[in-house]
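# Geometric and topological summary
The residues making up each chain are set out below.
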Amino acid sequence: MSFREFLYKNRPTVLFFLFFILNLVFFATSKLTTSYLNNIRSFLIYFFWFSYKPIYQIIDYPLEVVDKFVTIPYLYEENIKLKEKLKKSFLENLYYKQFIEELNNTKKFNELKSLLTIDITNAKVIMREYKNWYNECIIYISEPQNVKKDAPVVIFSEDKKFYFVGRIWEIEKNIAKVLLITNPLSNIPVKVKNKQVYGVLVGNSSSELTMEYILLDEDIKIGDIIETVELNNLIGGIEIGRVVSVETLSTLGFKKAKVKVNFNINKLKEVIIITYL
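This one's a predicted model, so the numbers in the text were calculated from it and none came from an experiment.

Attention now moves to the pattern of salt bridges. Summed over all chains, the structure comprises 7 salt bridges. Here Glu-239 and Lys-161 are joined by a salt bridge, their closest N and O atoms 3.7 Å apart. Within this pair, whereas Glu-239 is found in strand β10 (residues 239-249), its partner Lys-161 is found in the loop between β3 (152-156) and β4 (162-172), the two being separated by 78 residues in sequence. Judged by its relative accessible area of 33%, Lys-161 falls in the partly exposed class.

Next comes the structure, spelled out in structure tokens:
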């Protein structure tokens, strides 16, 4: 094997030792003050600076580690401050969203109130117990002056219709309990819309109600709309739901119909109380 072939075959090793020797020369001549030698040294360093890189990395690594340990407490404190700022921003954003939503609801309520010939007041559902989910809910009334027991409670849906939800059961200052229409204790007179077919709507603790005491010869069909009847403290013509089934009880001399409410009773948030009574 010739010397040239040896160098070519062991080129990485030869280059490593060459750079290593150059580094030793550079360090050995670093204290020389001769201008000529310093110029040569600077010239060689300029062209072979990359040979210093591993040495600098080895020297800098412990310093970097120490620097990281020193900066960790500062980073931890900064992280806590950023979390607090983020939490504060989130709460402020949530507050402003709720504020804007209330403003929009108030604006819609005032527009609706100006179009009606009856007195109404708005209220907000603040509590519903899972055990009595379909039986009752607690509402907060902003202006309770004219709200009385048994006052009708309705919602105004996105399809621009009123739906009967229940009636005021108990009231004390700004807090009231609403007896929902789905409560078994709720028994209200109803009729089929655009027909003289009457009955009593009874709650079943579910989204389906039972319309009872329908005479056998009455014309009631699946799909008929059921609405309230104006009787006692109840306002008439407020929609409740649709007939989903009809059953004939010939032994009792009546028909019975299942009625599904036309609104999502699980999403009660804003309600309206009719106070003209």
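Still more ground to cover, so stick around.
Now for the nonpolar core. Formed by 44 residues in total, the largest nonpolar core has its most connected members in Ile-139, Ile-168, Leu-201, Met-211, Ile-240 and Ile-273. In this structure, Leu-201 is in contact with Ile-181, Ser-186, Asn-187, Ile-188, Val-190, Leu-209, Thr-210, Met-211, Ile-240 and Val-259, ignoring residues within four places of it in sequence.

Another aspect to go through is the pairing of β4. Here β3 runs beside β4; their pairing, made up of 5 bridges, is antiparallel. Its bridge partner being in β4, Ile-155 is matched across the sheet by Tyr-163. Strand direction decides the pairing type here: β4 and strand β5 (residues 175-180), joined by 6 bridges, are antiparallel. In the sheet register, Glu-172 faces β5, and the bridge partner there is Ile-175. Adjacent in sequence and paired antiparallel, β4 and β5 are bridged by 2 residues, among which Lys-173 carries a positive phi angle near 55 degrees.

Below, the discussion takes up the pairing of β3. The buried count for β3 comes to 4 of 5 residues, which makes it a mostly enclosed element. Taking the residues that link successive antiparallel strands as the turn, the β3-β4 hairpin has 5 residues, and the phi of Lys-160 there is positive, at about 65 degrees. Two elements, β3 and strand β12 (residues 270-274), share 2 bridges in a ladder whose sense is antiparallel. Paired with Val-153 across the strands is Ile-273, a residue of β12.

Cut-offs and rules
Residues numbered from 1 in each chain as written. Predicted model: local features only at pLDDT ≥ 70, side-chain atom pairs only at ≥ 80, totals over all residues. Heavy atoms only, no water. Salt bridge = Lys/Arg side-chain N within 4 Å of Asp/Glu carboxyl O. Helix = DSSP H or I, 4+ residues; strand = E, 2+ residues; numbered from the N terminus. Buried < 20%, exposed > 50% of the residue type's maximum accessible area, 1.4 Å probe, protein only. Core = buried A, V, L, I, M, F, W, Y, C linked by side-chain atoms within 4.5 Å. Contact = heavy atoms within 4.5 Å. Pairing = 2+ DSSP bridges.

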